[in-house]
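A closer look at the structure
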Amino acid sequence: MFYKISNIASKKSIENNFQATFEFPKLYEPQEIIDGLKESTVSVITCADTHKITFAIWGLLPENFEDHWSVFQDVVNTLNVKIDVLQTGRGLYNNLLENRRCIIIATGFFTTLLTNGTVEHCHVHLSNFEPFAIAGVYNKLNDGFITCSMVMTQVNESFESIPNISYLKPFVLHGVELEKWLDVSTSIDELNKMVLDHQSIKFQYESYNSIHSSFDSI
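In this text, all values refer to a predicted model and were calculated from it rather than measured experimentally.

Parameters at a glance
- Throughout, residues of each chain are indexed from 1 in the direction in which the sequence is written.
- Two thresholds apply to this predicted model, a pLDDT of at least 70 for residue-level local features and 80 or more for giving and counting side-chain atom pairs, whereas whole-chain, interface and lining totals are computed over all residues.
- Values reported for side chains reflect all heavy atoms of the structure, with hydrogen atoms and water molecules removed beforehand.
- A helix here means a DSSP run of H or I that spans at least four residues, while a strand means a run of E at least two residues long, and both kinds are numbered starting from the N terminus.
- Values of the radius of gyration come from C-alpha atoms, whereas the globule rule sets the reference at 2.2 Å times the count of residues to the power 0.38.
- Contacts are residue-level and defined by heavy atoms, with any inter-residue pair within 4.5 Å sufficient.
- All accessibility values rest on the Shrake-Rupley procedure with a 1.4 Å probe; residue burial counts only the protein chains present in the view.
- Exposure categories follow from relative accessible area, calculated using a 1.4 Å probe and restricted to protein chains: below 20% of the type maximum is buried, above 50% is exposed, and the middle band is partly exposed.
- Relevant arc is that of directions from the helix axis to the C-beta atoms, nothing else.
- Here, any two strands with at least 2 DSSP bridges between them count as paired.
- Note on method: axes are straight lines fitted to C-alpha atoms, helices fitted across the in-contact stretch only, with angles between N-to-C directions ranging 0 to 180 degrees.
- Think of a salt bridge as a Lys or Arg side-chain nitrogen and an Asp or Glu carboxyl oxygen that are within 4 Å of each other.
- Geometry of aromatic contacts follows a simple scheme: Phe, Tyr and Trp rings, the Trp one being its six-membered ring, pair when their centres are within 6.5 Å, and the pair is stacked under 30 degrees between planes, edge-to-face over 60, tilted otherwise.
- What makes a nonpolar core is a set of buried Ala, Val, Leu, Ile, Met, Phe, Trp, Tyr and Cys residues whose side-chain atoms join them at distances within 4.5 Å.

Here we take up the overall build of the protein chain. A count of helices and strands for the protein chain gives 7 helices and 14 strands. The C-alpha radius of gyration of the protein chain comes to 17 Å, within 12% of the 17 Å expected for a compact globule of 218 residues. When its C-alpha atoms are laid out on the principal axes, the protein chain stretches across 45 × 40 × 35 Å. The contacts in the protein chain between residues at least 6 apart in sequence include a share of 68% that link residues at least 24 apart. Element-wise, carbon and sulfur atoms account for 49% of the exposed surface of the protein chain, whose accessible area totals about 11,100 Å².

The subject of this paragraph is helix H6 (residues 188-196). Taken together, the buried positions of H6 are occupied by Leu 191, Met 194 and Val 195. All buried residues of H6 project into a common sector of 100° when viewed along the axis, lining one side. More than 90 degrees from the buried face of H6, the exposed residues found are Asp 189, Lys 193 and Leu 196. Packed against the buried residues of H6 are helix H3 (83-88), helix H4 (96-99), strand S7 (101-106), strand S11 (146-154), strand S13 (172-173) and helix H5 (176-182).

Judged by pairing direction, the sheet is antiparallel, and its 5 strands sit side by side in the order S3-S1-S8-S9-S14 without closing on themselves. Each edge of the open sheet is held by one strand with a lone partner, namely strand S3 (31-35) and strand S14 (204-207). In this sheet, neighbouring strand axes are inclined to one another by 35° on average, regardless of whether the strands run parallel or antiparallel.

A few words now on helix H1 (residues 11-18). Every buried residue belonging to H1 is among Ser 13, Ile 14, Glu 15 and Phe 18, and all of these are buried. Gln 19 lies just past H1 and shows a positive phi near 50°.

Inspection of every chain in the model, using the stated rule, returns 2 salt bridges. For Glu 63, the salt bridge is made with Arg 100, and the minimal N-O distance between the two is 3.9 Å. Of the two residues, Glu 63 is situated in the loop between strand S5 (49-58) and helix H2 (69-75) and Arg 100 in the loop between H4 and S7; the sequence distance between them amounts to 37 residues. Judged by its relative accessible area of 38%, Glu 63 is partly exposed. Classification of Arg 100 as buried rests on a relative accessible area of 18%.

If you walk through the whole model with that rule in mind, you get 8 aromatic pairs. Here Phe 132 and Phe 203 contribute two aromatic rings whose centre-to-centre distance is 5.2 Å and whose plane-to-plane angle is 75°, an arrangement assigned as edge-to-face. Residue Phe 132 is found in strand S10 (residues 132-140), and its partner Phe 203 is found in the loop between H6 and S14; the two are separated by 71 residues along the sequence. Ring centres of Phe 171 and Trp 181 lie 5.8 Å apart, and the angle between their planes is 85°; this geometry places the pair in the edge-to-face category. Here the residue Phe 171 occupies a position in the loop between strand S12 (168-170) and S13, and Trp 181 occupies one in helix H5, the gap between them amounting to 10 residues. For the pair formed by Phe 171 and Trp 181, the shared burial category is buried.

This next bit is on the nonpolar core. Counting residues in hydrophobic clusters, the biggest one holds 34 residues, and the most contacted among them are Ile 5, Phe 109, Cys 148 and Phe 203. Looking at this core, the elements that each hand over two or more residues are strand S4 (41-46), S5, H2, S7, S10 and S11. In terms of residues, this core owes the most to one element, S11, which gives 4 residues. Among residues more than four places away in sequence, those in contact with Cys 148 are Val 42, Val 44, Ala 56, Ile 57, Trp 58, Gly 59, Leu 60, Thr 78, Cys 102, Ile 104, Val 137 and Tyr 138. In this structure, Ile 83, Ile 103, Trp 181 and Leu 191 belong to the second largest nonpolar core, which totals 29 residues.

The topology assignment puts Met 194 in helix H6. Residue Met 194 is classed as buried on the basis of its relative accessible area, which comes to 8%. When near neighbours in sequence (up to four residues on either side) are disregarded, Met 194 contacts Phe 171, Leu 173, Glu 177, Lys 180 and Trp 181.

Shape descriptors only; they carry no functional weight alone.
The structure is reproduced here in structure tokens:
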């Protein structure tokens, strides 16, 4: 389960990297830790408007859901969804892969590993802490709020050097892959091919204990 990310990029850096502008620029604040277990918001770009950066509640909810976020998350945790679950298109995830794709903007995420009989957390990021895109899917509630889930895929060669107790990793996109993910005309067959053979990004990592010193050095 990946339930924490970081986003310490400046508003200008995000807008320049994704060639999009914030819908509510005064609401954006860099965050060292975004904890999905505490009903947090994340910066997203949806396929409905690829030139606009908006905010979404992390943790997918059904479109017609009217109760509290925590009530639903206590029943089923939707912070993450495996790509093969989306490919089945059943239940809550019906038509999301076809019609409601988004990217979640982050500068890092956290993996776990077993070491000396305990669990250690690692902060995974690019060498320059630049923002990158994690594939996601979303729903829009009746009140206009967007909720989203982060897409998981199996680890590949690009992730072999990253300590990770799980066989899954966030589906990170860049370049043409990012454009295809946000383009609703991209067929499911094309998306499936992209999942199997997606481009690698060179990540680096450090232990969770040193994360604050890393941020302070930027």
